[in-house]
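# Observations on chain architecture
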Amino acid sequence: ACWVIFAAGGSNAGPLAIAASLLTVIGLVQLYEQLTGDGSTWSYSWALVIAALGVGLALNGARKQRPALSQIGHALLRQGIFLFILFGLLSSLLWNDPQSGYGLFGLLATLYGLYLLIRRSVLLLNRKASWPERDLFWPVILIGAGLLFILSDLGGLPLNEFSGLQEWWPLG
């Protein structure tokens, strides 16, 4: 209902994009848990709530023609995706479950790292980058970690030696 009112409403309906985004993501995570029986997804899926808030803010800013609000929304979206991948990789490593998605989170980390690397490289070449946008550390770490997890999923690298770390994870 929030999406319909947002789509049909004017600029005053902009904040409904935030509620609609949040409700959609929470509902999709709950649906996934119901369909798969995997109740441990909230140990990393909470980051999707941050990403959903970013989507809502970006849509609200676009509807109200407020570019600063849209930029904040895009930044939150990127941070939420980064945290989702980071904690997904960490939980896959800690629980050492073949169903936990070494390959999926590895692929997501690699793709997101490549996106960040290309985006930041273009900003550097155009000399439009501020300090946080010049940092190539996280893109390289994401690409490297993603490739390690993909190799593990393909059987080329045993990551199960790290499974003893799960007793230190607070949500385990």
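Shown above is the structure to which this text applies.
Presented here is a report on the structure given in the accompanying data block. Everything numeric here is computed off the predicted structure, so don't read it as measured data. (Residues numbered from 1 in each chain as written. Predicted model: local features only at pLDDT ≥ 70, side-chain atom pairs only at ≥ 80, totals over all residues. Heavy atoms only, no water.)

Nonpolar side chains tend toward joint burial in soluble globular proteins. One finds Phe84, Ile85, Leu89, Tyr112 and Leu142 to be the most contacted residues of the largest nonpolar core, which totals 13 residues. Where this core is concerned, the elements lending two or more residues are α3 (42–63), α4 (67–95), α5 (102–125) and α7 (137–153). With 5 residues, α4 is the largest single contributor of residues to this core. (Core = buried A, V, L, I, M, F, W, Y, C linked by side-chain atoms within 4.5 Å. Buried < 20%, exposed > 50% of the residue type's maximum accessible area, 1.4 Å probe, protein only. Helix = DSSP H or I, 4+ residues; strand = E, 2+ residues; numbered from the N terminus.)

Next up on the list: helix α2 (residues 16–36). Between its first and last C-alpha atoms α2 spans 30 Å; for 21 residues at 1.5 Å apiece the expected length is 30 Å, and the two agree. Looking only at α2, the buried set comprises Ala17, Ile18, Ala20, Ser21, Val25, Val29 and Glu33. Within two residues after α2, Gly37 carries a phi angle of roughly 75 degrees, on the positive side. (Expected span 1.5 Å × (residues − 1).)

This next bit is on a nonpolar patch on the surface. On the surface, Leu107, Leu111, Leu114, Ile118 and Val122 cluster together into a nonpolar patch covering about 440 Å² of accessible area. Counting through the fold element by element, Leu111 comes out in helix α5. Under the relative-accessibility criterion, Leu111 is labelled partly exposed at 47%. (Patch = residues over 30% accessible without salt bridge, like charges linked within 9 Å, V, L, I, M, F, W, Y side chains within 5 Å. Areas by Shrake-Rupley, 256 points an atom, 1.4 Å probe, with all protein chains shown as cover. Salt bridge = Lys/Arg side-chain N within 4 Å of Asp/Glu carboxyl O.)

With that out of the way, let us pick up unusual backbone geometry. Even without glycine at this site, Gln65 takes up a positive phi of about 55 degrees. With respect to the secondary-structure elements, Gln65 resides in the loop between α3 and α4.

Here we take up the packing of aromatic side chains. Across all of its chains, the model carries 5 aromatic pairs by this definition. Aromatic ring contacts, followed pair by pair, group Phe82, Phe137 and Trp138 into a single cluster. (Phe/Tyr/Trp six-rings, centres within 6.5 Å; stacked < 30°, edge-to-face > 60°.)

Note on placement: Gly103 falls in helix α5. On the accessibility criterion, Gly103 (16% relative accessible area) is buried. Taking the C-alpha atoms as reference points, Gly103 and Leu154, 51 residues apart in sequence, are found 7.8 Å from one another. Apart from the residues lying within four places of it in its own chain, the contact partners of Gly103 are Phe149, Ile150 and Asp153. (Contact = heavy atoms within 4.5 Å.)

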